[in-house]
Amino acid sequence: EVHLVESGGGLVQPGGSLRLSCAASTFTFNNYWMSWVRQAPGKGLEWVAHIKGDGSETHYADSVKGRFTISRDNADNSLFLQMKYLGVDDTAVYYCARTVGPTPFDYWGQGTLVTVSS
Amino acid sequence: DIQMTQSPSTLSASVGDRVTITCRASQNINSWLAWYQQKPGQAPKLLIYKASTLQSGVPSRFSGSGSGTEFTLTISCLQPDDFATYYCQQYSSYSVSWTFGQGTKVEI
């Protein structure tokens, strides 16, 4: 069974930083593009960023470009999201999810909640 | 960015009904369209990818169709477990933003 487990969420003040992690298991991690998707309370889904299997390519939503950095450690089967200059609009549950070939987001983690508030 | 517009936003239905949700893309995405189901407090679940391919383990009452800019998700015979929110998503290229529709809540 594929497992994706996010961690690192919490309460942070506006302007602050936070680093999210996603631990992957039971699949060949470096064969997959990995993504972060977020969902603000009571709102819809928003793709945040994704990274190629070998880490050579990354892309970001305009809303986070220049503030968030996606990275991965294939030796440790881990995905990361470094978030800086956080604002209240970044408050959301953050999910990691995998993609391979024509199949997007076939597995998701349970999510980690980030709350930006003073 | 490619905009995805779902309709309706809310759909009231009964068990046994045939339900159709529409998703429109602001530009041609060929068949790079997925549908997800989400229940409260849970992560989304992939139902259909490449517009019409049923994900493994998903009941056959779910089906998808369309290409280009117009897509539909159909639930042929609504079951109690199907009351949820459904999202479409385009994934036309890794080098452009992937975008979701705003969601359709299917309620009793």
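The present account deals with the structure reproduced in this document.

Analysis parameters
Residues numbered from 1 in each chain as written. Chains lettered and ligands numbered in written order. Predicted model: local features only at pLDDT ≥ 70, side-chain atom pairs only at ≥ 80, totals over all residues. Heavy atoms only, no water. Helix = DSSP H or I, 4+ residues; strand = E, 2+ residues; numbered from the N terminus. Buried < 20%, exposed > 50% of the residue type's maximum accessible area, 1.4 Å probe, protein only. Contact = heavy atoms within 4.5 Å. Buried area = accessible area lost by both parts, 1.4 Å probe. Salt bridge = Lys/Arg side-chain N within 4 Å of Asp/Glu carboxyl O. Polar contact = N/O pair within 3.5 Å; in protein donor to acceptor, adjacent residues only side chain to side chain. Pairing = 2+ DSSP bridges. Axes fitted to C-alpha atoms, helices over the stretch in contact; angles between N-to-C directions. Core = buried A, V, L, I, M, F, W, Y, C linked by side-chain atoms within 4.5 Å. Phe/Tyr/Trp six-rings, centres within 6.5 Å; stacked < 30°, edge-to-face > 60°. Lys NZ or Arg CZ within 6 Å of the ring centre and 35° of its normal.

Along chain B, the regular secondary structure elements total zero helices and eleven strands. Taken from N to C terminus, the helices and strands of chain B fall in the order β-β-β-β-β-β-β-β-β-β-β. Taken over the C-alpha atoms alone, chain B extends approximately 40 × 25 × 25 Å along its principal axes. By residue count, 47% of the 108 residues in chain B fall in the buried class. Taking the intrachain contacts of chain B between residues at least 6 apart in sequence as the baseline, contacts between residues at least 24 apart amount to 56%.

With 20 residues of chain B in contact, the opposing surface of chain A contributes 24 residues. Summed over both partners, the interface of chain B with chain A comes to about 1800 Å²; 65% of that surface belongs to carbon and sulfur atoms. The largest per-residue losses of area from chain B upon contact with chain A belong to Tyr94(B), Trp98(B) and Phe100(B), which jointly make up 38% of the total buried on that side. Linking chain B to chain A there are zero salt bridges. Counting across the interface, chain B meets chain A through four residue pairs in polar contact (both at pLDDT 80 or more). Every element with two or more residues in the side of chain B that touches chain A is listed here: β4 (33-38), β5 (45-49) and β9 (85-90) of chain B.

On to unusual backbone geometry. In this model, Ser7(B) is joined to Pro8(B) through a cis peptide bond whose omega is -5 degrees. You can see Pro8(B) is positioned in the loop between β1 (4-7) and β2 (10-12). With a phi angle near 50 degrees, Asn77(A) is a residue other than glycine that sits in the positive phi range. Tracing the backbone shows Asn77(A) in the loop between β7 (68-73) and β8 (78-83). Phi angles above zero are rare outside glycine, and Lys50(B) is one such case at about 50 degrees.

In any sheet, the strands associate via hydrogen bonds between backbone groups, in a parallel or an antiparallel arrangement. Residue and element names in this part refer to chain A. Taken in spatial order, the six strands line up as β2-β10-β9-β4-β5-β6 in an open sheet, and their pairing is mixed. A strand with exactly one partner marks an edge of an open sheet, and here the two such strands are β2 (10-12) and β6 (58-60). Across the sheet, the mean angle separating the axes of adjacent strands is 25 degrees when strand polarity is ignored. Bridge count for strand β5 (residues 45-51) against β6 is three bridges, and the pairing is antiparallel. Paired with His-50 across the strands is His-59, a residue of β6.

Residue and element names in this part refer to chain B. Taken in spatial order, the four strands make up an open sheet running β1-β3-β8-β7, and their pairing is antiparallel. The open sheet has two edge strands with one neighbour each: β1 and β7 (62-67). Across the sheet, the axes of successive neighbouring strands diverge by a mean angle of 15 degrees, strand direction being ignored. Sheet topology note: the strand β3 (residues 19-25)/strand β8 (residues 70-75) ladder contains six bridges and is antiparallel. The residue bridging Arg-24 from the neighbouring strand is Glu-70, located in β8.

With 44 residues, the main nonpolar core has Trp36(A), Leu79(A), Leu81(A), Met83(A), Tyr94(A), Phe105(A) and Phe100(B) as its most contacted residues. Setting aside residues no more than four positions away along its own chain, Met83(A) makes contact with Gly16(A), Ser17(A), Leu18(A), Leu20(A), Arg67(A), Phe68(A), Tyr94(A) and Val114(A).

The next subject is the packing of aromatic side chains. For the structure shown, the criterion picks out 14 aromatic pairs over all chains. Ring centres of Trp33(A) and Tyr94(B) lie 3.8 Å apart, and the angle between their planes is 10 degrees; on these two criteria the pair is classed as stacked. Here Trp33(A), found in strand β4 (residues 33-39), pairs with Tyr94(B), found in the loop between β9 and β10 (99-100), and the two come from separate chains. Trp33(A) gets classed as buried once you look at its relative accessible area, which sits at 11%. Overall, the relative accessible area of 22% leaves Tyr94(B) in the partly exposed class. Between Phe105(A) and Phe100(B) the ring centres are 6.4 Å apart and the planes differ by 20 degrees, which places this aromatic pair in the stacked class. Here the residue Phe105(A) occupies a position in the loop between β9 (92-99) and β10 (112-116), and Phe100(B) occupies one in strand β10, the pair thus bridging two chains. Linked through ring pairs, Trp33(A), Tyr95(A), Phe105(A), Trp108(A), Trp32(B), Tyr36(B), Tyr91(B), Tyr94(B), Trp98(B) and Phe100(B) together constitute an aromatic cluster. Directly above the ring of Phe80(A) sits Arg19(A), whose terminal nitrogen or CZ lies 3.9 Å from the centroid.

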